[in-house]
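Structural overview for review
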Amino acid sequence: LLAGVLYGISAFLEAARITSVGANTGINYETDAISAVVVGGVSFSGGVGTIQGVVIGAIILQAINYALQFLGNPYVWGGSSLTHGADCSGFVMAVYGNFGFRLPHYDVSDRSVGSPVASLSEARAGDIICYNGHVALYMGDGMIVHAQDERHGITTSSATFMHIVCIRRLFN
C-alpha cells in the first residue's frame, strides 16, 4: 500500500515536471531522485522504505527540477541570482538555499560540506560535484546542471567535462 501511494506521488510530481518550461531538458536525468521517492531512498538514511528517505528523495527531485528552470540564464562571476546571473558556487548555493539549506559561496568551501562520496559511480542525484575552481549539482545518469561560464551560462553537461576533485553528499 505504501509503495503504491509513493508511486502515485512520484507520478504526480513527474507529470508536473513534464508540463513545466524546458521539461525535455531534464528527462531521464533525475532517475535517481525519482527512485528515491518511489522506494523510500535506497541507501538514504537507513535503507529502503524509510519515511526520511522518501522526504530526502522528494527534496532532491524538487531541487533538480528547480535548477533546470534556470537553463540558459547568464553566468555572472560572484553572482547568486538564478535569474540575473550566478557563478558556479552561487548557483548551487541558491538552488539549495531555495529549500532551506545554507551552503558557502565559494567552490573550495563546498569541498567540505556534507560527507565524501568515493567516486562518480557511487554519486547520486543531488550530490555536489567539485572540480578545480568549479562546482555543479549532480542530476544522475552522469549529468550535471551548473553555471558553467560566461559563454555557456547555466547549462547541463557530462559530469566528466572536467577532472573531478571530489564529490560531496548533503543527505546521508
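Preceding this section is the structure that the text describes.
These lines cover the structure that appears in this document, whether it is placed above or below. Everything numeric here is computed off the predicted structure, so don't read it as measured data.

The next subject is the environment of S109. You can see S109 is positioned in helix α5 (residues 107-110). Taking the C-alpha atoms as reference, S109 lies 9.9 Å from C130; in sequence the two are 21 residues apart.

Tracing the backbone shows D110 in helix α5. Buried and unpaired, D110 has no salt bridge, with R111 as the nearest side chain of opposite charge at 8.5 Å. Look past the residues within four positions of D110 in its chain and what remains in contact with it is S89, L103, P104, C130, V135 and R168.

Looking now at the pairing of strand β6 (residues 143-147). In terms of burial, β6 is largely enclosed, as five of its five residues are buried. Where burial is concerned, the two faces of β6 agree: the one with M143, V145 and A147 and the one with I144 and H146 are both buried. From the end of strand β5 (residues 134-140) to the start of β6, which pair antiparallel, there are two residues, and D141 there has a positive phi angle of about 55°. Taken together, the five bridges between β6 and strand β7 (residues 154-158) define a ladder with antiparallel strand orientation.

All right, on to the environment of P104 then. By the secondary structure assignment, P104 is in the loop between α4 (88-97) and α5. A relative accessible area of 25% places P104 in the partly exposed class. As for P104 and V92, which are separated by 12 residues in sequence, their C-alpha atoms are 9.2 Å apart.

Moving on to the state of the cysteines. By definition, a disulfide links the sulfur atoms of two cysteines through a covalent bond. What the rule picks out here adds up to zero disulfides. As a non-bridged cysteine, C166 has C130 as the owner of its nearest cysteine sulfur, 3.9 Å distant.

Below, the discussion takes up unusual backbone geometry. The phi dihedral of D141 falls on the positive side, at around 55°, and the residue is not glycine. D141 sits in the exposed class, given a relative accessible area of 55%.

Attention now goes to the nonpolar core. If you look at the biggest cluster of nonpolar residues, it comprises 31 residues, and the most contacted ones within it are L82, F91, V92, V95, Y96, I128 and V145. Every element with two or more residues in this core is listed here: α3 (51-68), α4, β4 (128-131), β5 and β6. By residue number, the principal contributor to this core is α3, which donates seven residues. Ignoring sequence-local partners within four residues, the contact set of L82 consists of Y66, F70, N73, F91, A94, V95 and I154. V117, A123, Y131 and I144 belong to the second-largest nonpolar core, a separate cluster that totals nine residues.

With respect to topology, six strands assemble into an open sheet ordered β3-β8-β4-β5-β6-β7, the strand pairing being antiparallel. Of all strands in the sheet, those bounded by a partner on one side alone are β3 (115-117) and β7. Neighbouring strand axes in the sheet, compared pairwise and without regard to direction, differ in orientation by 35° on average. Across the face of the sheet, α4 comes into contact with β4, β5, β6 and β7 while running at roughly 45° to β5.

Quick look at the environment of Q148 now. Looking at where Q148 falls in the secondary structure, it is placed in the loop between β6 and β7. Residues Q148 and V76 lie 72 residues apart in sequence; the distance between their C-alpha atoms is 9.9 Å. Contact partners of Q148, with chain neighbours within four places excluded, come to Y75, H134, G153, T155, S157 and F161.

Conventions we followed
- Numbering of residues starts from 1 in every chain and runs along the sequence as written.
- The predicted origin of the model limits local features to residues at a pLDDT of at least 70 and limits the giving and counting of side-chain atom pairs to 80 or more, whereas totals for whole chains, interfaces and linings rest on all residues.
- Values reported for side chains reflect all heavy atoms of the structure, with hydrogen atoms and water molecules removed beforehand.
- Each helix is a run of H or I in the DSSP string that is no shorter than four residues. Each strand is a run of E no shorter than two, and both are numbered from the N terminus.
- Think of it in three bands: with a 1.4 Å probe and only protein chains considered, a residue is buried below 20% of the maximum accessible area for its type, exposed above 50%, and partly exposed in between.
- Under the counting rule used here, the positive set is Lys and Arg, the negative set is Asp and Glu, and His together with the chain ends is not counted.
- Salt bridges are counted wherever a side-chain nitrogen of Lys or Arg sits within 4 Å of a carboxyl oxygen of Asp or Glu.
- Contact definition: two residues touch when any of their heavy atoms are within 4.5 Å.
- Here the rule is simple: two strands pair whenever DSSP picks up at least two bridges between them.
- Defined by distance alone, a disulfide is two cysteine sulfur atoms within 2.5 Å.
- What makes a nonpolar core is a set of buried Ala, Val, Leu, Ile, Met, Phe, Trp, Tyr and Cys residues whose side-chain atoms join them at distances within 4.5 Å.
- Between N-to-C directions, angles span 0 to 180 degrees; the directions come from axes that are lines fitted to C-alpha atoms, helices contributing only their stretch in contact.

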